[in-house]
Amino acid sequence: MRDRDREAVWRELDDGNGVAAVSMGWLREQYNAEWGRLSIGRASEISRWLTDDGIAHLPSPMPSREAEDVLLYKRESPIGLLIRAARLEPPFAENPVAAAYFLSAVHSSQAAPGPGTDPIAAEA
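Residues numbered from 1 in each chain as written. Predicted model: local features only at pLDDT ≥ 70, side-chain atom pairs only at ≥ 80, totals over all residues. Heavy atoms only, no water.

Q: Can you lay out the overall build of the protein chain for me, pointing to particular residues and giving the numbers?
A: Counting its regular elements, the protein chain contains six helices and three strands. From first element to last, N terminus to C terminus, the protein chain shows the α and β order α-β-α-α-β-β-α-α-α. Counting every position in the protein chain, which comprises 124 residues, the buried fraction comes to 29%. For the protein chain, long-range pairs separated by at least 24 residues make up 39% of all intrachain contacts whose partners lie at least 6 apart in sequence. (Helix = DSSP H or I, 4+ residues; strand = E, 2+ residues; numbered from the N terminus. Buried < 20%, exposed > 50% of the residue type's maximum accessible area, 1.4 Å probe, protein only. Contact = heavy atoms within 4.5 Å.)

Put into structure tokens, the structure is as follows:
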């Protein structure tokens, strides 16, 4: 994780599935390599930088220890919408029913067997 370059992580977020895991030390290096150490204020600054780029993170608030890992995700990616629904974040914050419906619909579409995967149909 430590030797991943910034472009690879951003590509993972943009072109991949919208999610990547990195260490806080790696994030510090990407944001401001001149910082000697992280602090709560510096972690908050990194969090704002990511948010401005449409990237959210877990845990939230962001940890201030370099050895800790964080999950980054594009807020508008499919996985970002799942995370936001499960955490009742906007646009689901005011409507838990909509979040439940969305999560159920996603689960139903994932759980439905596709062609050739139905064991009963395979026996026929």
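Q: Describe the packing of helix 2 (residues 24-32) against helix 3 (residues 40-52), naming the residues involved and giving the relevant values.
A: Each pair of packed helices can be described by the angle between their axes along with the distance between the axes. Direction vectors running N to C along helix 2 and helix 3 enclose 70 degrees, while the axes themselves pass 11 Å from each other. If you check the angle between helix 2 and helix 3, you find them roughly perpendicular. Along its contact with helix 2, which presents Met24, Leu27, Arg28, Gln30 and Tyr31, the element helix 3 presents Ala43, Glu45, Ile46, Trp49 and Leu50. Grouping the amino acids of the contact of helix 2 with helix 3 by side-chain chemistry returns seven nonpolar, one polar and two charged. (Axes fitted to C-alpha atoms, helices over the stretch in contact; angles between N-to-C directions. Parallel < 35°, antiparallel > 145°, perpendicular 65-115°, else oblique. Nonpolar A, V, L, I, M, F, W, Y, C, P; charged D, E, K, R; others polar.)

Q: Requested: an account of the nonpolar core, with residues and values cited.
A: Among the nonpolar cores identified, the biggest contains 17 residues, and Val9, Leu27, Leu50 and Leu72 are the most heavily contacted of them. For this core, the secondary-structure elements that each account for two or more residues are helix 1 (6-15), strand 1 (19-23), helix 2, helix 3 and strand 3 (69-74). In this structure leucine 50 touches Trp10, Leu27, Ile55, His57, Met62 and Leu72, once residues within four positions along its chain are discounted. (Core = buried A, V, L, I, M, F, W, Y, C linked by side-chain atoms within 4.5 Å.)

Q: Kindly report on the pattern of salt bridges, identifying the contributing residues and their values.
A: As enumerated under the stated definition, the model contains five salt bridges in all. Of the charged contacts in the structure, one is a salt bridge between glutamate 68 and arginine 65, with a shortest N-O distance of 3.2 Å. Exposure remark for arginine 65: the relative accessible area of 53% places this residue in the exposed category. Salt-bridge contacts for glutamate 76 lead to arginine 84; the nearest nitrogen and oxygen are separated by 3.1 Å. (Salt bridge = Lys/Arg side-chain N within 4 Å of Asp/Glu carboxyl O.)

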